[in-house]
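# Observations on the three-dimensional arrangement
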Amino acid sequence: VGLFVSALLISQLSAKMVRVQTLDHDRLQQMDMLSRFLSEQGVSRILAQRVSRHIRERASIVKPLTMQDLPSLSLLPSAVQRELSCSIYGGSLLRHPVFYTWTILQSGMLEDLCSKTTDLEAYSKDEDIFVPLQEAKKTYYLRGGELAYQHIIQPDIDPGNSQYIRGPATVSTNSLRDTAPAEADAVEKEVKGWFSMIALWCHWTYVGTLSVRETCELVAVNIENLVQLLERYPQLVKMNRAYAQAYSLLALTSELASSVDLHLC
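Residues numbered from 1 in each chain as written. Predicted model: local features only at pLDDT ≥ 70, side-chain atom pairs only at ≥ 80, totals over all residues. Heavy atoms only, no water.

### Considering a nonpolar patch on the surface
For clarity, the threshold we go by: Patch membership needs two things, relative accessible area over 30% and no salt bridge, and members are linked within 9 Å if like-charged or within 5 Å if nonpolar (Val, Leu, Ile, Met, Phe, Trp, Tyr). Values of accessible area rely on a 1.4 Å probe in the Shrake-Rupley scheme; residue burial ignores everything except the protein chains shown. Criterion for a salt bridge: a side-chain nitrogen of Lys or Arg within 4 Å of a carboxyl oxygen of Asp or Glu. Strands here mean DSSP runs of E at least two residues long; helices mean DSSP runs of H or I at least four residues long; both are numbered from the N terminus.
On the surface, Leu-94, Tyr-100, Ile-104, Leu-105 and Met-239 cluster together into a nonpolar patch covering about 460 Å² of accessible area. Among the structural elements, Met-239 can be located in helix 8 (residues 234-251).

### Concerning the pattern of salt bridges
Applicable threshold: Three labels apply to residues, based on accessible area from a 1.4 Å probe with only protein chains included: buried if under 20% of the type maximum, exposed if over 50%, partly exposed otherwise in between.
Throughout the structure, instances matching the rule amount to five salt bridges. Salt-bridge contacts for Arg-232 lead to Asp-112; the nearest nitrogen and oxygen are separated by 3.7 Å. Linking Arg-232 in the loop between helix 7 (223-230) and helix 8 with Asp-112 in helix 5 (residues 109-116), this pair joins segments that are 120 residues apart in sequence. On the accessibility criterion, Arg-232 (52% relative accessible area) is exposed. Residue class for Asp-112 comes out buried when judged on its relative accessible area of 5%. Bridged by salt links that share partners, the residues Arg-82, Asp-112 and Arg-232 form one connected network.

### Observations regarding the environment of Gln-134
Heads up, the rule is: Contact criterion: two residues are considered in contact whenever any of their non-hydrogen atoms come within 4.5 Å of each other.
Mapped onto the secondary structure, Gln-134 falls in the loop between strand 2 (128-130) and strand 3 (138-151). Separated by 75 residues in the primary sequence, Gln-134 and Thr-209 place their C-alpha atoms 9.6 Å from one another. Look past the residues within four positions of Gln-134 in its chain and what remains in contact with it is Ile-129, Trp-204, Thr-205 and Tyr-206.

### What to know about the side chain of Gln-106
The line we're drawing: Whenever a nitrogen or oxygen atom comes within 3.5 Å of another N or O atom, the pair is scored as a polar contact, on the condition that within protein one atom can donate a hydrogen and the other can accept it, and that pairs from neighbouring residues in sequence are kept only if both atoms are in side chains.
Mapping Gln-106 onto the fold places it in the loop between helix 4 (97-105) and helix 5. Of the polar contacts made by the side chain of Gln-106, one reaches the side chain of Gln-235; its length is 2.9 Å.

The following block contains the structure:
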């Protein structure tokens with residue numbers, strides 16, 4: 001028995017050592033290719049050193065795994081994939097009253113939301129989730145980590161403009177006043193739970209910057225996929241359109257300009 005246990009431990013240790021050596025070889029190969037690229041492009045030595053340093057620092061950061069990191073999951077049967085998606089995303093989706101209401105009104109809605117519109121995203125410290133002038137295409141739920149938001153641009157909206165109807169569930173939009181930066185808010189806002197819900201109801205361009213303070217994990221709902229999904233649920237479409245119209249009027253008031261990117265629900 002002792003010999004068997006020893007052999008098993010040695011085998012596991014050898015496998016781990018081979019894996020580490022393989023990863024180290026891949027990293028070294030990537031850095032060699034980076035150095036060659038920078039040299040071929042005539043990048044100055046000082047800038048090349050900065051680029052290499054940043055790449056090494058980023059590569060050393062351990063982020064939460066997402067489903068994109070595990071291509072083997074695509075080999076699962078569709079039914080198992082849907083069940084797995086519900087297990088991973090369902091709890092987060094049900095924490096928002098809109099998604100919770102949809103799942104109550106329509107049988108099978110939660111499974112469709114999880115499997116067809118939702119994914120995990122992981123970000124490292126100092127990365128930006130979104131920046132001013134970027135179109136809002138997703139809504140997010142913060143599952144772990146720390147984010148900070150700063151309002152940068154003052155929106156200039158015509159609340160009576162309803163020509164920008166997008167899909168069966170959304171209406172209205174905003175524009176930016178000459179895209180010129182206004183005086184930025186001095187105080188950063190802490191972000192929790194759901195944010196960027198404006199993307200669900202309106203065509204929206206962000207007016208602030210959302211940055212990562214500590215490595216974070218987000219549940220992200222793709223709005224384009226969601227609009228396509230809602231076409232299969234005509235009962236929800238009518239209700240959503242009326243809600244979007246009311247939402248857009250509330251969102252476009254100047255008093256709420258610095259909050260629309262985040263917590264207006």
